[in-house]
Amino acid sequence: MKNVLITGADGFIGSHLTELLLEQGYNVRALSQYNSFNNWGWLEDINHSNLEIVCGDVRDADYCRYISQGMDTIFHLAALIAIPYSYVAPDSYVDTNIKGTLNMCQAARDLGVEKLLVTSTSEVYGTAQYVPIDEKHPRQPQSPYSATKIGADAIAKSFYNAFDLPVTIVRPFNTYGPRQSARAIIPTIISQIANGAKEIKVGDLTPTRDFNYVKDTCRGFLAIAKAENVAGEEINIATDTEISMQDTLNLIAEIMGADVNWVKDPERCRPSKSEVFRLHGSNEKICRLTDWHPQYSIRDGLTQTIEWFTNPENLKKYKSNIYNR
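Residues numbered from 1 in each chain as written. Predicted model: local features only at pLDDT ≥ 70, side-chain atom pairs only at ≥ 80, totals over all residues. Heavy atoms only, no water.

Section: the pairing of strand β6 (residues 167–172)
Then, number 1: When you tally the buried positions in β6, you get 6 out of 6 residues, the bulk of the element.
Then, number 2: Because side chains alternate across β6, one face comprises the buried residues V167, I169 and R171, and the other comprises T168, V170 and P172, equally buried.
Then, number 3: As a crossover connection, the stretch from strand β5 (residues 115–119) through helix α5 (residues 144–163) into β6 is right-handed.
Then, number 4: As paired elements, β6 and strand β11 (residues 234–237) share 4 bridges and run parallel to each other. If you follow V170 over to β11, its bridge partner there is I235. (Buried < 20%, exposed > 50% of the residue type's maximum accessible area, 1.4 Å probe, protein only. Helix = DSSP H or I, 4+ residues; strand = E, 2+ residues; numbered from the N terminus. Right-handed = clockwise from strand over helix to strand, strands pointing away. Pairing = 2+ DSSP bridges.)

Okay, structure coming up:
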């Protein structure tokens, strides 16, 4: 696994995974979505002799094949992930998430890539029917986003069954940490408080989540990539714990020493049947198949996340007064 490709490397998790693999001595080809500004997203601040940044789009099958040449392992993270935006632009999610995954599977198959890791999401499970949620839990498409990720997972699994493609579906639960988009609950709260707001706009505070600190998530990807006998498997990356949004926000306020009030903003609430009210993932499978286990508690992870966001150079990159779909 010397030469690796990461799609979506310019994003939140992708940039952290890029750093981890470079630290571990891999040659990394990192895909940043093409744009006319030649902006590499969160890769802009990563400079390493073993890093090759390429710009393109996973919606283009020929380009996917082009960047996959010479790669031993592919980490496919590129996706549209914002749930609110999927309500208004679902077609773009089908193109990127389903067609993009198809293109990467075809490229990996044609080029004989040794291992392909396709990134799923805990959102495919919907509201928990039982906990902890293991990989056999029913899929429930409660948003256009989750529907496209269910479709992408099915495409990947079909390539394993039909063509013996060595693909593994990696399913992180709710990842948070430095560089996360302000559309997510933790960074939007931290950025509002850091900018001096006393009334913090939030959505529904009753759901629970299984929060993974981003470094644990990336370690999970690497552990799965290095593991034997994981082809065709679907593997959660989860902490096997849950915490409510309300308790999460109270903990953030405590760590930041902030005296604030929570104000429910209807724009930040999902349609009632679309809200995922409970996520608590089982990590029995990943712990059994690899040497991975979570290293960061929610307090430790939040403390490091808050430290990053409250750095003025980082905070100024966020528009905390605007709800980011």
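Next comes the rest of the description.
Some details on the packing of aromatic side chains
Then, number 1: Per the counting criterion, the structure on display carries 13 aromatic pairs.
Then, number 2: With centroids separated by 6.1 Å and ring planes inclined at 50°, the aromatic side chains of Y85 and Y93 adopt a geometry described as tilted.
Then, number 3: Take Y93: its relative accessible area is 1%, and that puts it in the buried class.
Then, number 4: Judged by centre distance (5.9 Å) and plane angle (85°), the ring pair of Y176 and F211 falls under edge-to-face. Taken together, the residues Y176 in strand β7 (residues 174–176) and F211 in strand β10 (residues 211–213) connect sequence positions 35 residues apart. This pair shows no difference in class: Y176 is buried, exactly as F211 is.
Then, number 5: An aromatic cluster is present here, built from W42, W308, F309 and Y318 joined pairwise through their rings.
Then, number 6: Its end group placed over the ring of F163, R109 keeps NZ or CZ at 3.7 Å from the ring centre. (Phe/Tyr/Trp six-rings, centres within 6.5 Å; stacked < 30°, edge-to-face > 60°. Lys NZ or Arg CZ within 6 Å of the ring centre and 35° of its normal.)

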